[in-house]
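# Architecture at a glance
These are the residues of each chain, in order.
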Amino acid sequence: MKVLTVTGYKPMEMNIFQESDQRIPFIKEAIKKRLIPFIEEGVEWIIVSGQMGVELWAAEVVLQLQETYPIKLGIIPPFRNQEARWPEALKIKYQELLIACDFTKPLYEDDYKGPYQFRAKNKWFVSKSDGCLILMDDEYIGSNRFFYKEAERAAEDGDYDIYLITPFDLEDVVREMNDQY
């Protein structure tokens, strides 16, 4: 596997409304813990669409991992100005990540036109990656269900791997991090 897509929930789907939320470091640590073995096994690119939440946190983790590993980060938003209606602090973080990443280019050069752009994004990410890592709870599938369905179709049709970060994985990370302090 050379290219891995990372996605998951938007912050509001996890009842996270502030970037200072105490749960975010645990989520980022869970992402990091799962990404390192992929990188050590040969993953060269992590790609995200740059959505708020898991994707932005994953991008931050990848940038941190670049200090140790030769990993590249691609941010490919579904359309131009996807952050237009985001809170100001997240807009700034998003712009900083776009500057710091190794590749960025929106799939559609226009602003938001319709849901077809999100469907096209899901298909594109599955077609351009060898597998995906999704933060997901089977009992509460949010907007990430659309990507997951597309990934499932690819997995059934051929050689596409789906990896999950589950609530149990998050609990393990919380326990490990709390034991360290």
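Residues numbered from 1 in each chain as written. Predicted model: local features only at pLDDT ≥ 70, side-chain atom pairs only at ≥ 80, totals over all residues. Heavy atoms only, no water.

### So, the layout of surface pockets
What the largest pocket holds in volume is close to 370 Å³. Lining of the largest pocket is provided by 18 residues; of these, Lys-10, Gln-51, Phe-118, Lys-121 and Ser-143 occupy positions nearest its centre. Elements with a minimum of two residues in the lining of the largest pocket: helix 4 (116-128) and helix 5 (144-157). Here the lining of the largest pocket is built from residues that sort into eight nonpolar, seven polar and three charged. (1 Å grid on protein atoms, 1.4 Å probe; cavity = no way out; pocket = protein on both sides within 12 Å on 5 of 7 lines; lining within 4 Å. Points joined across faces, edges and corners; volume = space filled by probe spheres on them. Helix = DSSP H or I, 4+ residues; strand = E, 2+ residues; numbered from the N terminus. Nonpolar A, V, L, I, M, F, W, Y, C, P; charged D, E, K, R; others polar.)

### Thoughts on the sheet that holds strand 1 (residues 3-7)
Reading across the sheet, the six strands line up as 4-3-2-1-5-6 and stay open at both edges, with parallel pairing between neighbours. Among the strands making up the open sheet, the edge pair consists of strand 4 (103-104) and strand 6 (161-165). Sheet topology note: the strand 1/strand 2 (residues 45-48) ladder contains three bridges and is parallel. Bridge pairing links Leu-4 to Ile-46 in strand 2. (Pairing = 2+ DSSP bridges.)

### A closer look at empty space enclosed by the protein
Counting across every chain of the model gives one cavity of 30 Å³ or more. There is about 40 Å³ of room inside the largest cavity. Forming the boundary of the largest cavity are Thr-5, Thr-7, Ser-49, Glu-55, Lys-121, Asn-122, Phe-125 and Phe-147. Going through the elements one at a time, strand 1 and helix 4 are the ones with two or more residues in the lining of the largest cavity. In terms of residues, the lining of the largest cavity owes the most to one element, helix 4, which gives three residues. Along the lines of polarity and charge, the residues of the lining of the largest cavity split into two nonpolar, four polar and two charged.

Geometry only, nothing functional implied.
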